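The residues making up each chain are set out below.
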Amino acid sequence: MSAREEVLSRIRTALGENRPDVGVPRDYRTADERPAEQLREVLVDRLEDYKASVLRCGPDQVGATVAAALDTGLGAGWDPASVVVAPGVPATWRPDGATEDDGRPAVELAAFAATLTGVAVAIAETGTLVLDGTPLSGRRAVSLLPDCLVCVVEAGQVVGGVPEALSRLGPTAPLTMVSGPSATSDIELQRVEGVHGPRTLVVVLVA
Amino acid sequence: MTTAPERTGPTPLAPGAPRSGTTFLGLPTAPRGVGHLRGDRPFPDAARDALRDGQLRANLGHATSTIRAKRARVVGEVPDWEALRQAGKALKTATMARLDEHLLELERQVTARGGTVHWARDADEANAIVTRLVQATGTDEVVKVKSMATQEIGLNEALEAAGITPHETDLAELIVQLGDDAPSHILVPAIHKNRAEIREIFLRTMPQFQGPDADRDLPDEPRRLAMAARTHLRERFLRAKVAISGANFAVAETGTLAVVESEGNGRMCLTLPQTLITVMGIEKLVPTWRDLEVFLQLLPRSSTGERMNPYTSMWTGVTPDDGPQEFHLVLLDNGRTAVLADEVGREALHCIRCSACLNVCPVYERTGGHSYGSVYPGPIGAVLSPQLTGVEDNASLPYASSLCGACYDACPVAIDIPSILVHLRAEHVEAQEKLTPEAAAFKALAKAMSNPRLWRLTQRAAGLGRLLARGKPTMPPVLPPPASGWTRSRDLPTPPRETFTQAWAREHGR
Amino acid sequence: MRVALFATCLVDTVAPQVAMATARLLERLGHEVVVPPGQACCGQMHVNTGYRREAVPIVANHVRAFAGAEVIVSPSGSCVASIHHQQAMVLRRAGEEQLAAEAEALAERTYELSQFLVDVLGVTDVGAYYPHRVTYHPTCHSLRLLRVGDRPLQLLRAVRGLELVELPAAEQCCGFGGTFSIKNSDTSTAMLTDKMANILSTHAEVCTAGDASCLMHIGGGLSRLRSGTRTVHLAEILASTEDAVSPHQTTRPAISAETAEVPA
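Residues numbered from 1 in each chain as written. Chains lettered and ligands numbered in written order. Predicted model: local features only at pLDDT ≥ 70, side-chain atom pairs only at ≥ 80, totals over all residues.

Peer 1: Lay out the interface of chain B and chain C with the relevant residues and their values.
Peer 2: Contacts between the two partners involve 51 residues from chain B, matched on the other side by 60 residues from chain C. When contributions to the side of chain B that touches chain C are tallied by element, the ones reaching two or more residues are helix H1 (43–51), helix H15 (362–367), helix H18 (417–431), helix H19 (437–449), helix H20 (452–463), helix H22 (484–487) and helix H23 (500–507) of chain B. Of the residues assigned to the side of chain B that touches chain C, the class counts are 28 nonpolar, 13 polar and 10 charged. (Contact = placed C-beta atoms within 7 Å. Helix = DSSP H or I, 4+ residues; strand = E, 2+ residues; numbered from the N terminus. Nonpolar A, V, L, I, M, F, W, Y, C, P; charged D, E, K, R; others polar.)

Printed below as a string of structure tokens:
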């Protein structure tokens, strides 16, 4: 018997004939009725709690705010060529002279100072941004290797909780949920920000 | 000084010993001689040494009280926590009831999206599959995401035996690996080490601090220690051809796998190498995509005490031009089906490895994880390890609890750990073929307690113990075993002349 | 109300004053107390040590002894929790369906003392007088299996003369755990040490709780250290009045023969 057949047969033996039909009570919250502006405030609070920086702006100021975000993350005087941009990021958001990701190898990506992407959805209650591998979010390595990540979140992308976020996402896309900069609690269970992933996360919230 | 057991190889196999036991249904438990599910001595003996380790006690006390407070805060702010908990429990129960069907669906979906699914009956088979897959790529090193399943099966030792170097990339796993130590906590395997001890390990073992010109300036601040790990691993991530991970969840209906982490080492491993091999226990799946909305709320708040962990990666098979282009999923039994066969004990398979039960356990807090002898320590380990190995191979673990119930309250999927502990104690007692002195005593006592007349006589006999006290209010402090277990640290009151029922009968004229 | 008192095997044998105090208290509140003579043990120690088969006749005896009782009260959170959560399960596993149903019905009429006072009788001021500095340890099974919550504290706050001081890390287990205290004696002692440190930090004269077993463990430790702080069961405090003053102050384990006869 193959391992597959044997494991399946063991499971059937273990469970026996009478398998219960188990109902799943879903009495938890699946929607958040709070006004959009309140959700945005919660998102900002949670992001900042995890040591992300947040800059807010109107829809026509995204480009300038992204530049300010890069000032925050890299310090003034950064080189636009050291910023890699996910290919679906609108032209108006991009700094002049930034490099568009073209699928280059990881070693080359790692040489960039910062990344600029959009997001698929943002979760207010947990301060989470979800990137979904579309051109706007970029492939996974792009938002991982450069040390500073700038994400633009648009007003309509903010939802209250995890259930609403998952219902908006395609499960088979490569998904990355980002909540603050990389961090660890492995030393004495004290959280410190900045390990292997980007050590700086700056969020531009458009509304 | 801490008292980590040596972790140079798998549990030794006595000559002639059977490789594995079976349950009454004939389902094999995890084999002996491979992996890290069995300790080399009973819990009370190991605990006795750990309790004397002042540094360990201080490190654990500090770490567990920190995480307990964090967890309580973030769980407290979720108004529907109990509803989520009950949903999580029901989802896991439902998953187990149709485990075979869900696994087949998972296999279909992963395969349809470009992944390859392998099945492993036990640790040996899983190790052989992974070793063969790594060898097929021609590489001699792999990067690893922290994974309990690969710790359980002793994958690192198997890879090393085949000439393949595994690089642990989770900070705590790295500390354990560099320190030639053993993990002592599900979430934070190096919880038994403090910052000064970690600094010493890094300075001693990381290549960047060796050599005459090395800058050995490394303060013991957690941030600086984390930076040292970043430097140590950066180049390894970029050159690795193969990564090995575990999985926190797998979604049957979509074939999606999820890894929940903090540092970004997981993302590095899951994104950069050409080949990804994921080893997953067969119990880790959920039926539908929607089910993750429950577990992605329960897990982070219960484990690191965060609203959400910094990174959660989810992938389905292979995505062209994004991440690994070859994906293998190894589905591991290794005793899990034997656990599934126990109608009471199977609830232990609901565990999502958050480690909240460890952090609230008064026994774990004092003895640390090594005392349990298995990679699964603490309350959940005390119910999971004996079931995976067969209870006689870990017979002391079900007793390593005062049954205080803190684990049940903290468990995000409401596993009734105390009841399973009690159940496994009975399984152990009922497995004894010879009459032990303890069993004889309990049987005699049971006989007395079932018969009021006999019970009154027994009480009177117990009352005669007061003669030993020679009129003092407490019994002598040195009594023979097993009473010595009590009197070594506690006075035993002298039994009264008259029991309550006697006094009551006298007063009420009976 | 006619109340059947379940003393528990431990209290009956080594801490009779706890059951006596419970009876006096209930009588003072105007209820008739009966002590079914067939009672022995709830079976908890056997079940929790792995002797669930052997527990079956013990549980059966308990069910027989209390059959017909209108309401049953016991001064032990742990034993009442076992009656509620274990007895029927143990019987059912042994195929004793009929007896299991009787045990379940009995459990529904069985109360831990503080729950009976607050929930059934609706009293928090039982008219007690106890002029001592007291700290309260919530025992694990009262807290997490019976969910007695703050009922004991409500009762203690209403006691005249009593100064209640909060116990730090109160919800941490004292380390008793039945046979755990012997099988894992070292770990049990480590837990006890921390519990005693917290108790002593309050400078209380008395540590009280709703379980004589945990108190025997804590009191045994405090006595061994000659600490001067002693353990007294909640029932004894609630039974004390100006007319029947609390037991003489000693630092021996509170559970002892010499205090068995609380003056009526």
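Peer 1: An account of the domain arrangement of chain B is requested, with residue identities and associated values reported.
Peer 2: Assigned domains of chain B: these are domain 1 (44–69 + 336–431), domain 2 (78–332) and domain 3 (437–507). Centre-to-centre, using C-alpha coordinates, domain 1 of chain B lies 32 Å away from domain 3 of chain B. (Domains from an automatic or database assignment.)

Peer 1: Any chance you could break down helix H8 (residues 171–178) of chain B for me, citing the residues and the numbers?
Peer 2: For H8(B), the buried fraction is high: 7 of the 8 residues fall into the buried class. Three or more residues of H8(B) are buried, namely Leu171(B), Ala172(B), Glu173(B), Leu174(B), Ile175(B), Val176(B) and Gln177(B). Of the surrounding secondary structure, the elements contacted by the buried residues of H8(B) are strand E10 (183–184) of chain A together with strand E3 (165–168), helix H9 (195–205) and helix H10 (222–239) of chain B. A positive backbone phi angle near 55° is found at Asp180(B), which sits one or two residues after H8(B). (Buried ≥ 20, exposed ≤ 12 C-beta atoms within 10 Å, placed from the backbone.)

Peer 1: Can you lay out the arrangement of the chains for me, pointing to particular residues and giving the numbers?
Peer 2: Counting contacts across all 2 pairs of chains that touch, the top pair turns out to be chains A and B. Spatially, chain A is disjoint from chain C: no contact exists, and the shortest C-alpha separation is 18 Å.

Peer 1: An account of the confidence of the model for chain B is requested, with residue identities and associated values reported.
Peer 2: For chain B, the average pLDDT comes to 94, and 95% of its residues sit at 70 or higher. Note on the complex model: pTM 0.95, ipTM 0.97. (pLDDT = per-residue confidence, 0-100.)

Peer 1: Any chance you could break down the environment of Ala126(B) for me, citing the residues and the numbers?
Peer 2: Residue and element names in this part refer to chain B. Note on placement: Ala126 falls in helix H5 (residues 123–137). Taking the C-alpha atoms as reference points, Ala126 and Leu155, separated by 29 residues in sequence, lie 8.2 Å from one another. Once residues within four sequence positions are removed from consideration, Ala126 is found in contact with Ala120, Ile153, Val279, Val330 and Leu332.

Peer 1: I'd like a rundown of the sheet that holds strand E6 (residues 163–165) of chain C, residues and numbers included.
Peer 2: Strands belonging to one sheet form pairs held by backbone hydrogen bonds; the direction of such a pair is parallel or antiparallel. Residue and element names in this part refer to chain C. Strands sit in the order E6-E5-E7-E8 across an open sheet of 4 strands; the sheet is parallel. The two strands at the open ends of the sheet, each matched to only one other strand, are E6 and strand E8 (230–233). Within the sheet, the average angular offset between the axes of one strand and its neighbour, ignoring direction, is 35°. As paired strands, strand E5 (residues 133–136) and E6 are joined by 3 bridges and run parallel to one another. Residue Thr135 lies in a different strand from E6, and its bridge partner there is Val165. Here helix H13 (residues 212–224) sits on the sheet in contact with strand E7 (206–209) and E8, set at roughly 165° to E8. (Pairing = 2+ DSSP bridges. Axes fitted to C-alpha atoms, helices over the stretch in contact; angles between N-to-C directions.)

Peer 1: With reference to specific residues and values, describe H18(B).
Peer 2: Residues and elements named next belong to chain B. Given a rise of 1.5 Å per residue, 15 residues ought to cover 21 Å, and the 21 Å separating the end C-alpha atoms of H18 matches this to within 8%. Counting buried positions along H18 gives 11 out of 15 residues, so the element sits mostly inside the fold. Looking at H18, one finds that the buried residues are Ile417, Pro418, Ile420, Leu421, Val422, His423, Leu424, Arg425, Ala426, Glu427 and Val429. (Expected span 1.5 Å × (residues − 1).)

Peer 1: Report on the packing of helix H4 (residues 52–66) of chain C against helix H7 (residues 97–108) of chain C, specifying residues and quantitative values.
Peer 2: Residue and element names in this part refer to chain C. Viewed as axis vectors pointing N to C, H4 and H7 meet at an angle of 55°, and their least axial separation amounts to 10 Å. Considering the angle they form, H4 stands oblique to H7. Here H4 and H7 pass one another in a crossing that is left-handed. Contacts from Val59, Ala60, Val63 and Phe66 of H4 reach H7 at Leu99, Glu102, Ala103 and Leu106. (Parallel < 35°, antiparallel > 145°, perpendicular 65-115°, else oblique. Left-handed = near helix turned anticlockwise from the far one by under 90°.)

Peer 1: Break down unusual backbone geometry for me, citing the residues and quoting the values.
Peer 2: For the bond from Pro481(B) to Pro482(B), the omega torsion is 0°, close enough to zero to count as cis. Examined against the element boundaries, Pro482(B) turns out to sit in the loop between helix H21 (466–469) and H22. A positive phi angle, close to 60°, is found at Arg353(B), a residue other than glycine. Along the chain, Arg353(B) turns up in the loop between helix H13 (336–340) and helix H14 (356–360). Although it is not a glycine, Arg147(C) sits at a positive phi angle of roughly 55°. Within the secondary structure, Arg147(C) is located in the loop between helix H9 (140–145) and helix H10 (151–157). We classify Arg147(C) as exposed; it has 10 C-beta atoms within 10 Å.

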